[in-house]
Amino acid sequence: MSVYILGTGLSHDGSACLIKDGKIVAAIEKERLTRIKHDGGNDREAVKYCLEAAGIGVNDLALIIQAANFEIDIKPDRYSGQRYFEKDIDIPMITLSHHMAHAWGAAATSPFGECNVMVIDGAGSPYYQCRDIEGAIVPDYPFNNALFCEKDSFYYFDGKTLKPLYKDFSEVRLFENSPTLKLPTNYHSIGGLYSAASFYAFRNMDDAGKLMGLAPYGKLDGKPNLFKLEDGSVEIIYEHINAFFTNPAADYDHFKKEFSHYADMARWVQDEAERAILYLFEQRQKISPHPNMAYAGGVALNAVANHKLLLKGNTKNLYMQPAAGDNGLAIGCAYYGWYHVYGNTKKAGPGGCPFLGRSYSAEEIRNAIRDYGDENNTMLNVSVSQDVILETAGLLAEGNVVGWFNSGAEFGPRALGHRSILADPRIPGIRQRINRDIKFREDFRPFAPAVKIEDAGKYFIYGWESPYMILVDLVKPEWAAELQGVVHVDGTCRLQTVSREWNARFYELINRFEKEAGIGVLLNTSLNRKGMPIVETPSQAIGLFFSGAMDALVMDDFIIRKTNL
C-alpha cells in the first residue's frame, strides 16, 4: 500500500508538497494559486491542489508535517485563516522548527547520500521552540525574556536523519534597529540586513533579488565593514548603518533621481553579505569538515555570493536548494516524514526538485482559449503544431518574444523552461524592450541565459553546471556583444544550464534554435510581469499574453498569436 506524506509550509511564501513512497507527486507555492506575491499563512489552496493532482483525499494521508516561522504548536484547523484540515482530523501531525524544515529540504533534494547542511536566512524559530538544539554548539547568549530566533544553523545529514552541529541565534527587535534602515527580523541577520536594504531602495522587503541586480551599478569607495565577524558569529555594526543609510527612497521617482546612491548602497550590502557568508562557511566547516554541502534559507538564493563560495569557499561539492526560501519548507517537511519518521535511507543520485506542478491537458488549454472566444475569433490566431519545437525556434530566430508554457510548472522563484518568456539575446535593445513592454519593471534588471550543459564552457568562463539559475558565471569576452541581452553591466550572467535528461523539451528547443540562428543561447525570464507570481494555468498565461507585447504564446503544442484588431 502506498504511503502518502504531506508537507506544508505556513510561513510567508507558503507551499504544500505531497510525496508518494518517497517521490514528489505534486508541490505548489500558494502564490501561484491566489495570485498574491509571497502569500502564506493558511495552506488551504496549496493542499487542495496537491491532493487533487494525486487524486486522493485527506484520509489517504499517512502523515502530515508542517512548519511555520515563530510558532511550533500549530493547530490543524486554523492558522492565519481557514486551513484545509478539520479539527477532528485523525492523522498524525508533526510540526518542525523553521531551520530544520529548511535543512531537510536541502539535504533530501541534494545529489548527496550524506552531507553537511547550512541554513542562513532572516529569522527562524525562537530558541525556546527549537527542537533540534540537543548536541549542537550554541553561543552563550542570555536567553531570558527576550525573543531570540535562529539566524544560521549547521547540520550533518547521514542519509536518514539530521544531526545539529551549530546553531546561532539573535534577538529580534522588530523595526527598532536604525532610524532609516529597518530590519524586519533578527537584530544581527545577513538575510534581515539584505531585506532591510531592499526596503531602503525599493520600499519593499521582498525585493532582495532586485537589490542583487542593482549592486553591479554601484561603487564601494572605501566604505567600512557592515558586519563584525568574530568567534564564529556575524553581527551588524549599527554605527555604520546609522552613519551611511540616511536617504531612504520615498518612491520610484526618488530612487531614479538618486540612482547612484542606491546602487552604491546595494553594492556595499552585497559585498558585505558575501564576506559574511564566506566566513560562516569557513567557520562551520572547521567543526566537522565534509566535501559535500547542501545549502538553504533565503540567503542561499544570492547567486553572486554562491559564485564566490565556489571560487573561494572551502566546500568541494555545493548544492543550493532551488527553492531555498520559505517556499521550500513544505518539501523539507514531507521528506522529514519519509526519512526521519519512516526510517528510509537516502541514496546518492540526481538532485533537484524543479518541475513539480500538475500538467494541463489539451482540452484544458482549449477551454482557456475559448474563454477569450472560439479558436477562430478575431482576437487570437491559434494553431496546433505538428512540430512545435521547429516552429517555436523559427519564431525566436525571426526576433519574436515568445511565452513558453510547457507541462508542469517549476517550483521555486526561477523560470527554468516550463513557464518562461524567451527571446534571441543578440537582438539590440531586447532587454529594454522586455523590461519596458512585457515585464513592466525597472530597466536595470537583467535576464538569464539558458544554454545546453555541454555548451556552457563555450560561452562562459567557468562553465559550471547551474540548472536552477542561482549561480552566476562570466561571459567570455568574445561572446559579450553577441549575448548583450543576457549580460549584466559587470559581465556576469545568472546562468541556467539545461540537460536533455532533466528538461528534454527545453533542451531540444535550444538545440533547434542554435541550428536556426547560429547561437546556442536563449534569453530566459519568468512568465509573469512585475508584482505578479509566475503563471500556473493556461488561462493565466493567456491573460498575461494580452497584457503586454509578447509576440506569441506557446502552450504545449498550441501556438497562439494575436490577430490585428
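Look up: the structure comes first, before these words.
Described below are features of the structure shown in this document. Note that the structure is predicted; figures quoted are calculated from it, not measured. Within each chain, residues carry numbers counting from 1 in the order of the written sequence. Owing to the predicted nature of the model, reporting of local features is limited to residues with pLDDT of at least 70; listing and counting of side-chain atom pairs is limited to 80 or more, with chain, interface and lining totals taken over all residues. Note: side-chain values were computed over all heavy atoms of the structure, leaving out hydrogens and water.

## Quick word on the environment of Tyr342
The secondary structure listing takes helices from DSSP runs of H or I that are at least 4 residues long and strands from runs of E that are at least 2 residues long, numbered from the N terminus. As for its placement among the helices and strands, Tyr342 is situated in the loop between helix 10 (329-341) and helix 11 (362-370). Owing to a relative accessible area of 38%, Tyr342 belongs among the partly exposed residues under this scheme. Each residue's exposure class comes from its accessible area (1.4 Å probe, protein chains only) as a fraction of the maximum for that residue type: buried when under 20%, exposed when over 50%, partly exposed otherwise.

## Focus: the sheet that holds strand 8 (residues 162-171)
Any two strands with at least two DSSP bridges between them are considered paired. The five strands lie next to each other as 8-7-6-11-12, forming an open sheet whose pairing is mixed. In this open sheet, the two strands that pair with only one neighbour each are strand 8 and strand 12 (317-320). Between one strand axis and the next, the sheet turns by 20° as a mean value, whatever way the strands run. Where strand 11 (residues 292-296) lies against strand 12, four bridges are found, and the strand directions are parallel. Residue pairing in the sheet places Ala294 in a bridge with Tyr319 of strand 12. Axis lines are fitted through C-alpha atoms, for helices just across the contact stretch, and the angle between N-to-C directions can take any value from 0 to 180 degrees.

## A closer look at the pairing of strand 1 (residues 4-9)
Of all six residues in strand 1, six are buried; the element is thus mostly enclosed. Burial along strand 1 is two-sided: the residues Tyr4, Leu6 and Thr8 and Ile5, Gly7 and Gly9 are all buried. Strand direction decides the pairing type here: strand 1 and strand 4 (residues 61-67), joined by six bridges, are parallel. Each residue of the ladder has a partner; that of Gly7, found in strand 4, is Ile65. Alignment of strand 1 against strand 2 (residues 15-20), held across six bridges, turns out to be antiparallel. Looking at the pairing, Ile5 lines up with Ile19 of strand 2.

## A look at the side chain of His98
Summarising the element assignment, His98 is placed in helix 3 (residues 98-109). Taking the relative accessible area as the measure of exposure, His98 reaches 0% and is therefore buried. Any two residues having at least one pair of non-hydrogen atoms within 4.5 Å are treated as being in contact. Those residues within four positions of His98 in sequence are excluded, and the remaining contacts are Ser11, Ala68, Asn69, Asp121, Ala123, Gly124, Ser125, Glu150, Asp326 and Leu329.

## Looking at the packing of helix 4 (residues 190-202) against helix 8 (residues 259-287)
At their nearest, the axes of helix 4 and helix 8 sit 10 Å apart, and the two run at 175° to each other. Compared by their axis directions, helix 4 and helix 8 come out roughly antiparallel. Here Ile190, Tyr194, Ala197, Tyr200 and Ala201 of helix 4 lie close against helix 8, whose contacting residues are His261, Tyr262, Met265, Val269, Gln270, Ala273, Ala276, Ile277 and Leu280. Here the angle decides the label: under 35 degrees means roughly parallel, over 145 means roughly antiparallel, 65 to 115 means roughly perpendicular, and every other value means oblique.

## A few points about the environment of Asp473
Take Asp473: it is sitting in strand 17 (residues 472-474). C-alpha of Asp473 to C-alpha of Phe460: the two residues are 13 residues apart in sequence and 6.4 Å apart in space. Counting of polar contacts relies on pairs of N or O atoms within 3.5 Å, with two restrictions inside protein: one atom must be capable of donating a hydrogen and the other of accepting it, and residues adjacent in sequence are counted only when both atoms are side-chain atoms. Engagement of the side chain of Asp473 in a polar contact is seen with the backbone nitrogen of Gly463, the distance being 2.8 Å.

## Observations regarding the sheet that holds strand 4
Note on sheets: strands pair through backbone hydrogen bonds, and any given pair is parallel or antiparallel. Spatially, five strands are ordered 3-2-1-4-5 in an open sheet, and the strand pairing comes out mixed. Strands at the two margins of the open sheet, each flanked by one partner only, are strand 3 (23-29) and strand 5 (93-96). Taking each pair of neighbouring strands and ignoring which way they run, the sheet shows an average axis angle of 15°. Pairing between strand 2 and strand 3: six bridges, direction antiparallel. The partner of Cys17 across the bridge, within strand 3, is Ala27.

## Overview of the pattern of salt bridges
Working definition: two side chains of opposite charge can pair if their charged atoms are close together. Here a salt bridge means any side-chain nitrogen of Lys or Arg lying within 4 Å of a carboxyl oxygen belonging to Asp or Glu. In total, this model carries 29 salt bridges according to the counting rule given. Residues Glu442 and Arg445 are paired through a salt bridge, measuring 3.4 Å at the closest nitrogen-oxygen approach. Here Glu442 falls in the buried class, since its relative accessible area comes to 4%. With its nearest N and O atoms 3.3 Å apart, the salt bridge here joins Glu442 to Lys530. On the criterion of sequence distance, the pair formed by Glu442 in the loop between helix 13 (430-439) and strand 16 (448-452) and Lys530 in the loop between strand 20 (521-526) and helix 16 (538-547) is long-range, its members being 88 residues apart. Within this structure, Asp207, Lys210, Glu442, Arg445 and Lys530 form a network of salt bridges that share partners.

## So, unusual backbone geometry
A negative phi angle is the norm for most residues apart from glycine, just as the trans form is the norm for most peptide bonds. Although it is not a glycine, Arg203 sits at a positive phi angle of roughly 65°. Mapped onto the elements of the fold, Arg203 is located in the loop between helix 4 and helix 5 (208-214). A positive phi angle, near 55°, is found at Ser407, a position not held by glycine. By relative accessible area, Ser407 is classed as partly exposed at 26%.

## A word on the nonpolar core
Side chains that are nonpolar tend, in soluble globular proteins, to be buried together. As used in this record, nonpolar core signifies buried Ala, Val, Leu, Ile, Met, Phe, Trp, Tyr and Cys residues forming a set joined through side-chain atoms within 4.5 Å. By size, the foremost hydrophobic cluster in this structure holds 101 residues, and its most contacted members are Val117, Ile190 and Tyr295. Ranked by residues supplied to this core, first place goes to helix 8 with twelve residues. Membership of the second largest hydrophobic core comes to 78 residues, among which are Val382, Ala450, Val451 and Ala541.

## Quick look at the pairing of strand 14 (residues 402-405)
Neither face of strand 14 is open: one carries Val402 and Trp404, the other Gly403 and Phe405, and all of them are buried. As judged from the four bridges shared by strand 14 and strand 15 (residues 419-423), these two strands associate in the antiparallel manner. By the bridge assignment for strand 15, Val402 is matched with Leu422. Bridge count for strand 14 against strand 21 (residues 552-555) is four bridges, and the pairing is parallel.

## Structural notes on the packing of aromatic side chains
Only Phe, Tyr and Trp rings are paired, with Trp represented by its six-membered ring, and only when their centres lie within 6.5 Å; those with planes under 30 degrees apart are stacked, over 60 edge-to-face, the remainder tilted. For the coordinates displayed, the defined rule picks out 35 aromatic pairs. Seen from their ring centres, Trp104 and Tyr339 are 6.4 Å apart, and the 10° between their planes marks the pair as stacked. One end of the pair, Trp104, is in helix 3; the other, Tyr339, is in helix 10, and 235 residues separate them in sequence. Residue class for Trp104 comes out buried when judged on its relative accessible area of 1%. Given the relative accessible area of 8%, Tyr339 is considered buried. Geometrically, the ring pair formed by Phe255 and Phe444 is tilted, given 6.0 Å between the ring centres and 45° between the ring planes. Separated by 189 residues along the polypeptide, Phe255 in helix 7 (residues 252-257) and Phe444 in the loop between helix 13 and strand 16 bring together distant segments of the chain. Each of the two residues, Phe255 as well as Phe444, counts as buried. An aromatic cluster is built from Tyr200, Phe202, Tyr217, Phe244, Phe245, Tyr252, Phe255, Phe259, Tyr262, Trp268 and Phe444, whose rings are joined through pairwise contacts. Only when the NZ of Lys or the CZ of Arg is both within 6 Å of the ring centre and within 35 degrees of the ring normal is a charge said to sit over the ring. Here Arg284 stacks its cationic end above the ring of Tyr166, 3.8 Å away from the centre of that ring. Note that Lys530 overlies the ring of Tyr252, its terminal NZ or CZ placed 5.7 Å from the centroid.

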